[in-house]
Amino acid sequence: MRILIISRKAEEVRRSFQTRQMAALGLSFEFLDAFEAADLTAEECQTAASNWPSPTRRQDIACFLSHRKAWQAVMAHGAKMLILEDDAVLSDDIAVVLANIEARNDAWNSVYDLEFAPRRHILDRKPAWQDAAGRFGATRVYQNRVGLAGYIIGPEAAKRMLAETTTYSLIDAHFWHRSWLAAYQIEPAPVIQQRFLEDEAESADFVRPEKDLVFLPLSKVRKLARRLELESIKARNLVVGLFVGQKRDVRVDRSRFKAGVVKSV
């Protein structure tokens, strides 16, 4: 499966880390140059913020634009791709996970979340499928509020996402709450952000300081309308989840992550 890593050109530490990690895991990949937040004008940021009910930062908008670039690449490729952010750490069995998903004849709207995020999700009570050896499985997700550090998406779903993001949205909150999306969580999660690994939470190389301006929506009426729209979309999935799902943490096996690769020079 083709792997695309969203990364700023200037992120030498992260790019070096990813190059070493991928070599250790025997994976081929390519960098996708992330959109630069510094290139956004204040006017562009305010226009974007007016389309979202919560405070917006330049880096939020840059992240939004970068994932849209990734979806364009998926459409051009014409097949499923793994999209990673450059602080993603991968488990030592990631290649097996990718091979299993790539071999599946999934519906066009199936998207796989490979990431561990430290918030409780609403997931189905039983897996939709498991690999032949029972090492990992995919479980339908009905509520997931955060995280786009590691996911697999196909060209048709990418095309629909592009069509629905012509104006700014906080990208992970928007992505996982599409009513048409069939989202599946892989467990144990084979992707984790560097800051959530034990003893690495305060690594200066992987945690960016919050020092950008905050932009707020100008219209209270538009803010309320957008909030109601978002909550109605969430509610549809939530109702289904309440009947067939359970609220719990995503399972993750921290022993499967190659800490030696992360810490090596």
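About the cut-offs
- Residues numbered from 1 in each chain as written.
- Predicted model: local features only at pLDDT ≥ 70, side-chain atom pairs only at ≥ 80, totals over all residues.
- Heavy atoms only, no water.
- Helix = DSSP H or I, 4+ residues; strand = E, 2+ residues; numbered from the N terminus.
- Buried < 20%, exposed > 50% of the residue type's maximum accessible area, 1.4 Å probe, protein only.
- Contact = heavy atoms within 4.5 Å.
- Areas by Shrake-Rupley, 256 points an atom, 1.4 Å probe, with all protein chains shown as cover.
- Phe/Tyr/Trp six-rings, centres within 6.5 Å; stacked < 30°, edge-to-face > 60°.
- Lys NZ or Arg CZ within 6 Å of the ring centre and 35° of its normal.
- pLDDT = per-residue confidence, 0-100.
- Pairing = 2+ DSSP bridges.
- Right-handed = clockwise from strand over helix to strand, strands pointing away.
- Salt bridge = Lys/Arg side-chain N within 4 Å of Asp/Glu carboxyl O.
- Core = buried A, V, L, I, M, F, W, Y, C linked by side-chain atoms within 4.5 Å.

Helix and strand counts for the chain come out as 8 helices and 15 strands. Expressed as a percentage of its 265 residues, the buried residues of the chain come to 50%. Across the chain, the fraction of contacts at a sequence separation of at least 24, relative to all contacts at a separation of at least 6, is 82%. With the model as given, the accessible surface of the chain reaches about 12800 Å², and the carbon-plus-sulfur share is 52%.

This next bit is on the packing of aromatic side chains. Tallied over the full model, the rule gives 10 aromatic pairs. Ring centres 6.4 Å apart and planes at 75 degrees place the aromatic pair tryptophan 129 and phenylalanine 136 in the edge-to-face group. Just as tryptophan 129 is buried, phenylalanine 136 falls in that class too. Measuring from ring centre to ring centre gives 4.7 Å for phenylalanine 175 and tryptophan 176, while their planes differ by 75 degrees; the resulting arrangement is edge-to-face. Since its relative accessible area comes to 0%, phenylalanine 175 is described here as buried. Taken together, Trp71, Tyr151, Phe175 and Trp176 form an aromatic cluster joined through their ring pairs. Against the face of phenylalanine 31 rests arginine 15, its NZ or CZ located 4.5 Å from the ring centre. The ring of tyrosine 184 has arginine 140 lying over it, and the distance from NZ or CZ to the ring centre is 6.0 Å.

With 89% of its residues at a pLDDT of 70 or more, the chain shows a mean pLDDT of 88. Segment residues 200-209 is flagged for pLDDT under 50; beyond a separation of four residues in sequence, or across chains, it makes 17 contacts in the model.

Before going further, it helps to spend a moment on the pairing of strand 2 (residues 30-33). One ladder, built from 4 bridges, connects strand 1 (residues 2-7) with strand 2; its direction is parallel. Residue pairing in the sheet places isoleucine 6 in a bridge with leucine 32 of strand 2. Taking the sense of rotation as the criterion, the β-α-β connection linking strand 1, helix 1 (residues 12-25) and strand 2 turns out right-handed.

In the structure shown here, the tally under the stated rule is 14 salt bridges. In this structure, the salt-bridge partner of glutamate 30 is arginine 2, at a minimum N-O distance of 2.6 Å. Note that glutamate 30 is positioned in strand 2 and arginine 2 in strand 1, a separation of 28 residues in sequence. Taking the relative accessible area as the measure of exposure, arginine 2 reaches 30% and is therefore partly exposed. Here arginine 135 makes a salt bridge to aspartate 131, at a shortest N to O gap of 2.8 Å.

In terms of nonpolar packing, the biggest core is built from 37 residues, with Trp71, Ile83, Tyr151, Ile153 and Phe175 touching the most fellow members. Every element with two or more residues in this core is listed here: strand 1, helix 2 (42-49), helix 3 (58-77), strand 4 (81-85), strand 11 (150-153), helix 5 (155-163) and helix 6 (171-175). A total of 6 residues in this core trace back to one element, the largest contributor, which is helix 3.

It is worth spelling out the pairing of strand 11 at this point. Both faces of strand 11 are covered, namely the face carrying Gly150 and Ile152 and the face carrying Tyr151 and Ile153. Pairing of strand 4 with strand 11, which is carried by 4 bridges, proceeds in the antiparallel orientation. Opposite leucine 84, over in strand 11, you have glycine 150 as the bridge partner. Where strand 6 (residues 110-113) lies against strand 11, 2 bridges are found, and the strand directions are antiparallel. Directly across from tyrosine 112, in strand 11, lies its bridge partner isoleucine 152.

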